[in-house]
Amino acid sequence: MAQLMSGKIVSAQVRENLKKETEALIESTGIYPGLAVILVGHDPASQVYVRNKQLACEELGFHAFEYKLSENTTQEQLLDLIRVLNKDAKVHGILVQLPLPDHLDEQSVLYAIAPEKDVDAFHPMNVGKIMIGSYDVLPCTPAGVMELLDAAGVEIAGKNCVVVGRSNIVGKPMAMLLLQRSGTVTICHSRTKNLAEVCAAADILVVAIGKPKFITADMVKEGAVVVDVGINRLENKKLCGDVDFENVEPKASYITPVPGGVGPMTITMLMKNTLRAAKLQNGIKD
Ligand code: NDP
């Protein structure tokens, strides 16, 4: 039986440390880490995510600045708001909740955020810094996966690491972080041939594709570490990952559940980035 890598437990531990660090920062400098979250439109899932980010800010003692903009907001109006927030010293992190309505150009919106306030680490400057291993903030989901692996004591150096999915927000940075820790990394995608064989050679398998129960037991090596980033809603409304948990779990040494695995880590990493950004913008180095 595999050991569970619980995002709930690890996330609570990380938050406890972040809370202490925040209290110390406020006490010594009077600086409250500030996170601005911009939501355009009424996407129900996005509303839930934004609410959870606000609650996390409250829990840790951050200042949360919420901007709920109408569905009809123009590109220029959104860019104007970002320009104002870029200059606001109380705001250390700016997050634009995705997806944006179709009439808005996601790329130019994300590029307008000042790199030092880009707590999602989506700006090309921050993406580039990750490539060269000299970064201030890491994209939240891959960073959360690394925290889970570290908390479980999983050795990465020299291991065969297979990442399934090559998106800019999960797959690619995930592969880069594993490489930086000296994993031997393979990135798979929809055109990969013999996917089952490639996955079955993995000591550490990270899956981020968005297809329920896609990774079956025959694709997993005995004793592998399996991280399931996928979040899929089934017809019965239940959440499930990209991994067939029930059948893969007996073969794995460590595995993340869905829900309760990678998911809870993502917002916690956003908070970690915001605290770090607040410190860096005030000349405080860890
Ligand atoms: P994208 O849709 O952007 O990317 C999916 C990737 O999976 C693509 O690279 C695609 O390949 C690959 N893929 C699709 N089908 C297959 C297949 N049959 N075989 C191999 N590869 C395939 O998704 P994201 O990276 O944004 O998200 C992936 C999943 O992770 C989703 O379920 C999402 O909800 C979840 N997620 C969870 C988060 C969390 O906090 N836990 C945060 C972010 C995402 P190709 O490039 O060739 O099309």
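Our subject is the structure that appears above.
All figures in this text were calculated on a predicted structure; none of them were measured in a lab. (Residues numbered from 1 in each chain as written. Predicted model: local features only at pLDDT ≥ 70, side-chain atom pairs only at ≥ 80, totals over all residues. Heavy atoms only, no water.)

Glancing now at the pairing of strand S5 (residues 160–164). In terms of burial, S5 is largely enclosed, as four of its five residues are buried. One crossover worth recording links S5 to the parallel strand S6 (residues 184–188) by way of helix H7 (residues 171–180), and it is right-handed. (Buried < 20%, exposed > 50% of the residue type's maximum accessible area, 1.4 Å probe, protein only. Helix = DSSP H or I, 4+ residues; strand = E, 2+ residues; numbered from the N terminus. Right-handed = clockwise from strand over helix to strand, strands pointing away.)

Attention now goes to the pattern of salt bridges. Where charged atoms of side chains with opposite charge meet at close range, the side chains can pair. Tallied over the full model, the rule gives 11 salt bridges. A salt bridge links Lys279 to Glu21; its shortest N-O distance comes to 2.8 Å. Placement of the pair is Lys279 in helix H10 (residues 262–281) and Glu21 in helix H1 (residues 7–29), with a sequence separation of 258 residues. Judged by its relative accessible area of 11%, Lys279 is buried. Here Glu147 and Lys272 are joined by a salt bridge, their closest N and O atoms 2.7 Å apart. Of the two residues, Glu147 is situated in helix H6 (residues 140–151) and Lys272 in helix H10; the sequence distance between them amounts to 125 residues. Judged by its relative accessible area of 36%, Lys272 is partly exposed. A single salt-bridge network, built from bridges that share partners, covers Glu76, Asp80 and Arg83. (Salt bridge = Lys/Arg side-chain N within 4 Å of Asp/Glu carboxyl O.)

In space, the six strands of this open sheet follow the order S1-S11-S8-S7-S5-S6, with parallel pairing throughout. Two strands lie at the open edges of the sheet, namely strand S1 (3–4) and S6, each paired on one side alone. Strand direction decides the pairing type here: S1 and strand S11 (residues 254–255), joined by two bridges, are parallel. Looking at S11, one finds that Gln3 is bridged to Tyr254. (Pairing = 2+ DSSP bridges.)

Relative to each other, H6 and H7 sit at 40°, their axes nearing to 9 Å. Considering the angle they form, H6 stands oblique to H7. Considering only the axes of H6 and H7, their crossing is right-handed. Residues Pro142, Ala143, Val145, Met146 and Leu149 of H6 pack against Pro173, Met174, Leu177 and Leu178 of H7. Split into classes, the residues belonging to the contact of H6 with H7 amount to nine nonpolar, no polar and no charged. (Axes fitted to C-alpha atoms, helices over the stretch in contact; angles between N-to-C directions. Parallel < 35°, antiparallel > 145°, perpendicular 65-115°, else oblique. Left-handed = near helix turned anticlockwise from the far one by under 90°. Contact = heavy atoms within 4.5 Å. Nonpolar A, V, L, I, M, F, W, Y, C, P; charged D, E, K, R; others polar.)

Tracing the backbone shows Met146 in helix H6. Given the relative accessible area of 7%, Met146 is considered buried. As a C-alpha pair, Met146 and Cys240 span 94 residues in sequence and 21 Å in three-dimensional space. Ignoring sequence-local partners within four residues, the contact set of Met146 consists of Ile156, Met174, Leu177, Leu178 and Arg181.

Moving on: the site of the ligand. What surrounds the ligand is a group of 22 residues, the closest being Arg166, Ser167, Ser190, Lys211 and Thr266. Contact between the ligand and Ser167: an oxygen atom at 2.5 Å from a side-chain N or O atom of the residue. Ser190 places a side-chain nitrogen or oxygen 2.5 Å from an oxygen atom of the ligand. The protein chains hide 71% of the 930 Å² of surface that the ligand would expose on its own. Per element, the largest residue contribution to the shell around the ligand is three residues, and it comes from H10. Taken together, the residues of the shell around the ligand sort by class into 10 nonpolar, 10 polar and two charged. (Near = heavy atom within 4 Å. Polar contact = N/O pair within 3.5 Å; in protein donor to acceptor, adjacent residues only side chain to side chain. Areas by Shrake-Rupley, 256 points an atom, 1.4 Å probe, with all protein chains shown as cover.)

Let us now look at the state of the cysteines. With the rule as written, the count across this model stands at zero disulfides. The closest cysteine sulfur to the non-disulfide-bonded Cys57 is located on Cys140, 12 Å from its own sulfur. Summary of cysteine pairing: Cys199 is not part of a disulfide, and the nearest cysteine sulfur, belonging to Cys188, is at 5.3 Å. According to the relative accessible area criterion, Cys199 is buried, its value standing at 0%. (Disulfide = S-S within 2.5 Å.)

On to the sheet that holds strand S4 (residues 93–96). An order of S3-S2-S4 is seen for the three strands of this open sheet, with the pairing classed as parallel. Whereas interior strands pair on both sides, the edge strands pair on one side only; in this sheet they are strand S3 (63–69) and S4. Direction aside, neighbouring strands of the sheet carry axes that sit 15° apart on average. Where strand S2 (residues 34–40) lies against S4, four bridges are found, and the strand directions are parallel. The residue bridging Ile38 from the neighbouring strand is Val96, located in S4. The sheet contacts of helix H2 (residues 44–60) involve S2, S3 and S4, and relative to S2 the element is tilted by about 165°. Contacts from helix H3 (residues 75–87) reach S2, S3 and S4 within the one sheet, and its direction differs from that of S2 by about 180°.

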